[in-house]
Amino acid sequence: MRIFSSAGRPLVTAAALACLVGTAGAAGAQLEHLPWILKYNSGQNIQPIFHGWSRNPAGGFDMHFGYLNRNYVEELHVPVGPANRFESGGADQGQPTWFRARFHNFAFRVGVPADWGDRELVWSVTAHGKTDRAVAWLQPEWEIDDPAAGIAFLQTDPPNRPPSIAVSAVAPVAQPAAATLTAEVGDDGLPAGPREVRALAVGQETPPTLLPGPGAVQSPVNLPQLPAAPDRTTARQLPDPRPEGVSVSWIVWRGPAGAVFEPVHSPAENGRTTTTARFARPGAYVLRATATDRMLSATADVTVTVRAPPAQ
């Protein structure tokens, strides 16, 4: 078997590829030619993603975006501006500025008017010197159901409605004090039954480890694992395995660094959840709370001002 380039020229035979992968003594040099099998802890770029468009009942259309932070450990701050912008309709369309590790699908939406036509909505992000773009347009094949409405064949009778959520304002805090985050939630009690607790995929719940792969190839091999730091939130926690009901989780949506949430995911008790957040760096943060009933979800944002520690 041969692998061909887009121009039709053979790049490498299967036998040569097997030789590249199987020779343990030259693994480092081989991996330089096989970048698709590497897992990177840090130093990689961010790929914006266009998931499709849906019709907005209020009029116009919604363009749905997510992103892939190609790092397994490093989280990145990319402020709105030349390195994180939309190329039409204004640079700031509500996109994140704090990019967590790996995939984050259907992270946000951007509304466009009913007369949008065949124009393009382009989101570009530059990280570690590389610029990547997601191009959104109203091509008929890209029409999707609104993710907020849930998957039709999983709906209940009577219909399940998304939970409601309202987040209380947060007073400014000075490091090292924690901010208290309070969310009021409501739900229709559907779907009924206990909440399913599933384990996260290997490599997602904790940073990757250096385990031997086929032919003694190790991954990741390019960079050392970053030390634990309070400004990253890569170690994701599983939900509390309590029974049915709505629960709330928190992330940093915008800010100069990550935050440590305790708990990061909590079931509502009497329509309320309380979480604390600690920050490694001062600055202005936008934190996003997501209420979910296991099928549908709703979000609410709150701004938190974090000040430097008082002078001694």
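Scroll up to find the structure.
Let us look at the structure shown here.

The rules behind the values
- Residues numbered from 1 in each chain as written.
- Predicted model: local features only at pLDDT ≥ 70, side-chain atom pairs only at ≥ 80, totals over all residues.
- Heavy atoms only, no water.
- Core = buried A, V, L, I, M, F, W, Y, C linked by side-chain atoms within 4.5 Å.
- Buried < 20%, exposed > 50% of the residue type's maximum accessible area, 1.4 Å probe, protein only.
- Helix = DSSP H or I, 4+ residues; strand = E, 2+ residues; numbered from the N terminus.
- Polar contact = N/O pair within 3.5 Å; in protein donor to acceptor, adjacent residues only side chain to side chain.
- Contact = heavy atoms within 4.5 Å.
- Pairing = 2+ DSSP bridges.
- Axes fitted to C-alpha atoms, helices over the stretch in contact; angles between N-to-C directions.
- Salt bridge = Lys/Arg side-chain N within 4 Å of Asp/Glu carboxyl O.
- Phe/Tyr/Trp six-rings, centres within 6.5 Å; stacked < 30°, edge-to-face > 60°.
- Lys NZ or Arg CZ within 6 Å of the ring centre and 35° of its normal.

### Here we look at the nonpolar core
Ile165, Leu181, Phe261, Phe279, Leu287 and Val304 are the most contacted members of the largest nonpolar core, which has 27 residues in total. Of all elements in the fold, only strand E13 (179-186), strand E16 (247-254), strand E17 (259-262), strand E19 (272-279), strand E20 (283-292) and strand E21 (297-307) reach the threshold of two or more residues within this core. If you tally residues by element for this core, the top one is E21, at five residues. Formed by 25 residues, the second largest nonpolar core is a distinct cluster that contains Met63, Phe108, Val125 and Ala134.

### Structural notes on the side chain of Gln47
Tracing the backbone through its elements, the reader meets Gln47 in strand E3 (residues 46-55). Of note is the side chain of Gln47, whose polar atom sits 3.2 Å from the backbone oxygen of Arg133. With residues near it in sequence (within four places) discarded, Gln47 still touches Gly66, Tyr67, Leu68, Arg70, Asp132 and Arg133.

### Describing the sheet that holds E17
Sheet strands associate in pairs through backbone hydrogen bonding, adopting either a parallel or an antiparallel arrangement. One open sheet accounts for four strands, arranged E11-E13-E19-E17; its pairing is antiparallel. Both edges of this open sheet fall to strand E11 (164-167) and E17, since each of them pairs with a single strand only. The average undirected angle you get between the axes of adjacent strands in this sheet is 30 degrees. With six bridges connecting them, E13 and E19 associate as antiparallel partners. Across the sheet, residue Ala183 finds its bridge partner in E19, namely Thr273.

### Quick notes on the pattern of salt bridges
Under the defined criterion, the tally for this structure stands at seven salt bridges. A salt bridge links Arg109 to Asp62; the nearest nitrogen and oxygen atoms lie 3.1 Å apart. Of this pair, Arg109 sits in strand E8 (residues 102-112) while Asp62 sits in strand E4 (residues 61-69); the two residues are 47 residues apart in sequence, bridging distant segments of the chain. Given a relative accessible area of 33%, Arg109 falls into the partly exposed group. Judged by relative accessible area, which is 5%, Asp62 ranks as buried. For Arg254, the salt bridge is made with Asp92, and the minimal N-O distance between the two is 2.7 Å. Of this pair, Arg254 sits in strand E16 while Asp92 sits in the loop between strand E6 (84-86) and strand E7 (98-99), and the two are 162 residues apart along the sequence.

### Quick look at the environment of Thr97
Structurally, Thr97 can be placed in the loop between E6 and E7. According to the relative accessible area criterion, Thr97 is buried, its value standing at 5%. Sequence-wise, Thr97 and Pro79 are 18 residues apart; in three dimensions their C-alpha atoms are separated by 5.1 Å. If we skip the residues at most four places from it in the chain, Thr97 touches Leu76, His77, Val78, Pro79, Val80, Asn84, Trp253, Arg254 and Gly255.

### Some words on the sheet that holds strand E10 (residues 130-136)
Here three strands make up an open sheet; going across it, the order is E6-E9-E10 and the pairing antiparallel. In the strand order of this sheet, the two ends are held by E6 and E10, each with one partner. Direction aside, neighbouring strands of the sheet carry axes that sit 15 degrees apart on average. Note: strand E9 (residues 121-127) against E10, seven bridges, orientation antiparallel. Paired with Leu121 across the strands is Ala136, a residue of E10.

### Notes on the side chain of Asn84
Inspection of the secondary structure assignment puts Asn84 in strand E6. When near neighbours in sequence (up to four residues on either side) are disregarded, Asn84 contacts Val78, Pro79, Ala91, Gln95, Pro96, Thr97, Phe99, Trp123, Ser124 and Val125.

### Comments concerning the packing of aromatic side chains
Given two aromatic rings, one states the distance between the centres and the angle between the planes to describe the pair. All chains considered together, the criterion is met by 15 aromatic pairs. Between Phe65 and Phe108, the ring centres sit 5.6 Å apart and the planes meet at 20 degrees, which makes this aromatic pair stacked. Of this pair, Phe65 sits in strand E4 while Phe108 is found in strand E8, placing the two residues 43 residues apart along the sequence. Accessibility classification places Phe65 together with Phe108 in one group, the buried group. With a centroid separation of 6.0 Å and an interplanar angle of 85 degrees, the aromatic rings of Phe65 and Trp123 are classed as edge-to-face. Of the two residues, Phe65 is situated in strand E4 and Trp123 in strand E9; the sequence distance between them amounts to 58 residues. Taken as a pair, Phe65 and Trp123 share a single burial class, namely buried. Aromatic rings pair up to connect Phe50, Phe65, Tyr67, Phe86, Phe99, Phe108, Trp123, Trp137, Trp142 and Trp253 into one cluster. Directly above the aromatic system of Tyr72 lies the positively charged group of Arg102, at a separation of 3.9 Å from the ring centroid. In this structure, Arg119 packs its charged tip against the face of Trp116, placed 4.2 Å from the ring centre.

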